[in-house]
Amino acid sequence: MVTPCVSGMRWNWDGVEFAFLHPDGEAPRPAGRRHDNDRSCVLRVASPAGVLLLLGDVESAGEQAMLARHGEAALAADVVVSGHHGSRSSSSAALVDATLPQAVIHSVGHRNTFGHPHPQVWARWAAAGARNWRTDSQGAVEAVFAADADAGVSLTAQRLREPRYWHGR
């Protein structure tokens, strides 16, 4: 049985809180649109060591709806996985200002035809003080939320940990 994600759904597991912030269960499917990215699931994962915000494919209209529904404090995070792969239609200035993470991860494919992440989105996150990571050039990005809450979060990428011998030539 599949249960759709709906804002307000939450659960705790082993001291970690999971909460869906989006979509609102009442939001209608957009008429005449090929996609409905703004109905994408947005998950907040919080532990004593930090907060991870997974934005799915949500775009700026969905971001605005989340901010209106939950307020900026609910979106604050240490690490954000950018919405819609860092497309120009996501990561609005209002969302970036609300989250203010130390790092943002852009989940993008090698040589993706859309050019994700968009340079303006990359610059917006960087201007807010977040370190940008991208899976197409850095490989898998790992965020470790330390068991000791004072240790915080550390990030590394697979290609930094284990570079291929031909990289850097």
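Bear in mind that the values here come from a model prediction, so they are computed numbers and not experimental data.

## A short note on the nonpolar core
Across soluble globular proteins, nonpolar side chains show a tendency to be buried alongside one another.
Then comes step 1: Core analysis: the largest hydrophobic core is formed by 19 residues, its most contacted members being V42, L53, L55, M66, L75, V80 and W125.
Then comes step 2: The set of elements that each furnish at least two residues to this core consists of β3 (42–47), β4 (50–54), α1 (60–70), α2 (93–99) and α3 (119–127).
Then comes step 3: With three residues, the top contributor of residues to this core is α2.
Then comes step 4: Excluding residues that lie within four positions of it along the chain, L75 makes contacts with L21, L53, M66, L67, L95, A98 and T99.
Then comes step 5: If you look at the next biggest cluster of nonpolar residues, it comprises 15 residues, including V81, I105, V153 and L155.

## Let's talk about the environment of A93
Then comes step 1: Mapped onto the elements of the fold, A93 is located in helix α2.
Then comes step 2: You can call A93 partly exposed: its relative accessible area is 43%.
Then comes step 3: Each C-alpha atom of the pair A93 and R124 lies 7.0 Å from the other, and the pair is 31 residues apart in sequence.

## Concerning α1
Then comes step 1: Of the positions making up α1, those classed as buried are G62, E63, M66 and L67. Buried residues of α1, viewed axially, fall in a sector of 140°; they line one side. Across α1 from its buried face, at more than 90 degrees, point the exposed residues Q64 and A68.
Then comes step 2: Looking at the buried residues of α1, the elements they touch are β2 (16–22), β3 and α2.
Then comes step 3: Positive backbone phi, at 85°, marks G71, one or two positions downstream of α1.

## Side note on the environment of D57
Then comes step 1: Take D57: it is sitting in the loop between β4 and α1.
Then comes step 2: Linking D57 and S90, residues 33 residues apart in sequence, is a C-alpha distance of 8.3 Å.

## Quick notes on the pattern of salt bridges
Then comes step 1: The full count for this structure, using the stated rule, is four salt bridges.
Then comes step 2: Put simply, R10 and E17 hold a salt bridge, and the shortest N to O gap is 2.4 Å.
Then comes step 3: Taking relative accessible area as the criterion, R10 reaches 52% and is therefore assigned exposed.
Then comes step 4: Here R39 ties to D36 by a salt bridge, and the two come within 3.8 Å at their closest N and O atoms.
Then comes step 5: On the basis of relative accessible area, R39 is assigned to the partly exposed category, the value being 28%.
Then comes step 6: Since its relative accessible area comes to 23%, D36 is described here as partly exposed.

Rules and cut-offs
Residues numbered from 1 in each chain as written. Predicted model: local features only at pLDDT ≥ 70, side-chain atom pairs only at ≥ 80, totals over all residues. Heavy atoms only, no water. Core = buried A, V, L, I, M, F, W, Y, C linked by side-chain atoms within 4.5 Å. Buried < 20%, exposed > 50% of the residue type's maximum accessible area, 1.4 Å probe, protein only. Helix = DSSP H or I, 4+ residues; strand = E, 2+ residues; numbered from the N terminus. Contact = heavy atoms within 4.5 Å. Arc of directions from axis to C-beta. Salt bridge = Lys/Arg side-chain N within 4 Å of Asp/Glu carboxyl O.

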